[in-house]
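Descriptive structure summary
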Amino acid sequence: MLEDGTVLTARFRDTGDNPMRIPKRESTSYIADSWKLAAGVADLPDSSDEETLSGGAGDGHSGDGLTLYEEYRGFVANGQWGTTDPAKVEFHVYNGLHPYPSILTQVTAGIQTFKNATGLNVHSNYREADFEQASDPSDIDPSKRVINFNALHEGGRHRVDQHIIMLIPSINPLSVVSQAHRGPSSPVNIPMIEIGQMTDPGDIAGTVAHELAHSANVPHHGENGHDFVTWIPQLTDYLEISTATPAPGVPITLRMEADGSLAPILANPLQMLLLSIEVTDPTKGSRFGGDENCLIRYCGANAVKWNSKPSAERFLILPRETPGTQLCSDGLGKTFNATVRPDYSPPESRPSRHGHAAPNRGNCIHRVCINDAHAHIPQNAP
C-alpha cells in the first residue's frame, strides 16, 4: 500500500500466484517450498506423519507423533530453536542427569547406544524450561511433557500430543534401582525414567540404553529367573540368604562356571548378589536369557543355579557379562545362552547359562514404537 492509498499486488514471476504467499509455498500448505525441497518431501501434505525406521525396524506403526508442519515449525531446546528431519523418526529426551558431570559421559554414551540400536533420531539437549514436567513417578497427566504444544489443529496439522521422556536421577539418593515407570510402553505412558544414584558408574551407559528401550515399548526377554542373595563365607563354603530363603539361610558350595572347579572362599560377606535361576516352565523366560548382545537383556548375574546340578551348588560367572549394544531380531541365545554352547569344548559340557527368551519375547528391534497415536498398554501400570 502506497502513501496515496494505492495497493500494488505482488506475484511470483514463475507462477503468477495471486496473492504472493510468504514464504513461497503451495496454497494448501503453511510450509515453505524451499524447506520441503531440501528435506525431500515436496509432495507431502502438512498433516503427513508417515516416516519409518530403516531396515524394516519397528512394530509396523509409522510416524513419530509429529506432523510435517510441526517438524517444520520446530522446537526450542535449551533456548535454541531448530527443526527436525521429516524423513527420520524423532525421539525427544530430557536429560535430567546433566547436572552430574561425573557420570555425564556415561549417560551420553547410553543415549547414543540407544540411538544406534533403534535407528531413532534422538534429541536430548532439552532443559527444564522447555516443557511442563511430570511431578513424580505417579504423575500420568497427559497434558504434561508434551513436546508439540501450542498446536495448530487446522487441516490435520496436529495429530496427537507427542511426549518427551524425562531421564532423571532416582528420587531416593541411595537407590541402586533404575526404572522406566509404567513401561514398557510409548512415551505418553512413561512419566519418567529414574536412574539409580548408587548405580555403579560402569553400569550407567547400559542402564540408560536399557531403560530408554522400555520407553520405546520394548519389554524384557522374560520376567523370571532371578533372585537377590547374600553369601556369607563359612570355613569351607557359604551360607546363602535370599529373598526366597530368608535367615538363617542354606549352605552352598560355590564353583566357577567356566570349568566347574571350586571357587576361592572370600573373606567378607558379598551383599546384594544377583543369582540366575534356571527357568523350566516353557511359557516363561529369564530376564538374563536370549540374544547375548541385546541391550534389553539383563547382564548383571553374578552366578547361576542349574537344575541339572546339585541343589546346593552355585556357579560363579567370571568374567562378568557385558551389556548388549543392539536390539535382537529373535529370542535365541547365540553363545553362553545357546542350548548347545559353542563357547565350550565339547559344547555339551555346560548347560545353557540362562536359556532363550520367553515365547513372544525377544525380537526387540521389531517392537520399537514411540508414536503416541498408538495406544500401547503400559505393561507395568498399577
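Thresholds applied
- Residues numbered from 1 in each chain as written.
- Predicted model: local features only at pLDDT ≥ 70, side-chain atom pairs only at ≥ 80, totals over all residues.
- Heavy atoms only, no water.
- Helix = DSSP H or I, 4+ residues; strand = E, 2+ residues; numbered from the N terminus.
- Buried < 20%, exposed > 50% of the residue type's maximum accessible area, 1.4 Å probe, protein only.
- Contact = heavy atoms within 4.5 Å.
- Lys, Arg positive; Asp, Glu negative; His and termini not counted.
- Charge placed at Lys NZ, Arg CZ, Asp CG, Glu CD.
- Axes fitted to C-alpha atoms, helices over the stretch in contact; angles between N-to-C directions.
- Parallel < 35°, antiparallel > 145°, perpendicular 65-115°, else oblique.
- Left-handed = near helix turned anticlockwise from the far one by under 90°.
- Nonpolar A, V, L, I, M, F, W, Y, C, P; charged D, E, K, R; others polar.
- Pairing = 2+ DSSP bridges.
- Phe/Tyr/Trp six-rings, centres within 6.5 Å; stacked < 30°, edge-to-face > 60°.
- Lys NZ or Arg CZ within 6 Å of the ring centre and 35° of its normal.

What follows concerns the overall build of the protein chain. When helices and strands are counted, the protein chain shows four helices and 13 strands. For the protein chain, the spread of C-alpha atoms along the principal axes amounts to about 105 × 40 × 35 Å. In the protein chain, which comprises 382 residues, the proportion classed as buried is 47%. In the protein chain, once contacts between residues fewer than 6 apart in sequence are set aside, the share between residues at least 24 apart is 66%. Put simply, the protein chain has 29 plus and 45 minus side-chain charges, and the middle of one group is 3 Å from the middle of the other.

Time to look at the environment of lysine 24. Tracing the sequence through the fold places lysine 24 in the segment before helix H1 (33-39). Judged by its relative accessible area of 33%, lysine 24 falls in the partly exposed class. A sequence separation of 63 residues divides lysine 24 from alanine 87, and the C-alpha atoms of the two residues are 22 Å apart. Beyond its immediate sequence surroundings of up to four residues, lysine 24 is in contact with Phe12, Asp14, Ile31, Ala32 and Asp33.

Quick look at the side chain of asparagine 121 now. Tracing the sequence through the fold places asparagine 121 in strand E4 (residues 121-123). Judged by its relative accessible area of 14%, asparagine 121 falls in the buried class. Setting aside anything within four residues of it in sequence, one finds asparagine 121 in contact with Asp85, Lys88, Val89, Glu90, Phe91 and Lys115.

Turning next to the packing of helix H3 (residues 101-118) against helix H4 (residues 204-214). Where H3 contacts H4, the two axes come as close as 7 Å, and the packing angle between them is 40°. On the basis of their axis angle, the class for H3 and H4 is oblique. Relative to H4, the crossing made by H3 is right-handed. Residues Ile103, Gln106, Val107, Ala109, Gly110, Ile111, Thr113 and Phe114 of H3 form the contact with H4, whose participating residues are Ile204, Ala205, Val208, Ala209, Leu212 and Ala213. Taken together, the residues that form the contact of H3 with H4 break down as 11 nonpolar, three polar and no charged.

On to the sheet that holds strand E6 (residues 179-180). Pairing is mixed in the open sheet, where five strands are placed in the order E4-E3-E5-E7-E6. On the outer flanks of this sheet lie E4 and E6, each paired with one strand and no other. Note that strand E3 (residues 90-95) and E4 share three bridges and pair parallel. Its bridge partner lying in E4, glutamate 90 is registered against asparagine 121. Packed on one face of the sheet, H4 meets E3, strand E5 (165-169), E6 and strand E7 (193-195) and runs near 165° to E7.

Below, the discussion takes up the packing of aromatic side chains. Summed over the entire model, instances satisfying the criterion amount to seven aromatic pairs. On the basis of an interplanar angle of 55° and a centroid distance of 5.3 Å, the ring pair of phenylalanine 91 and phenylalanine 114 is categorised as tilted. Separated by 23 residues along the polypeptide, phenylalanine 91 in strand E3 and phenylalanine 114 in helix H3 bring together distant segments of the chain. For the residue pair phenylalanine 91 and phenylalanine 114, the accessibility class agrees, reading buried in each case. Here the aromatic rings of tryptophan 231 and tyrosine 238 are separated by 6.0 Å at their centres, their planes lie at 50°, and the arrangement is tilted. In this structure, arginine 157 is placed above the aromatic ring of tyrosine 30, and the distance from its NZ or CZ to the ring centre is 3.9 Å.

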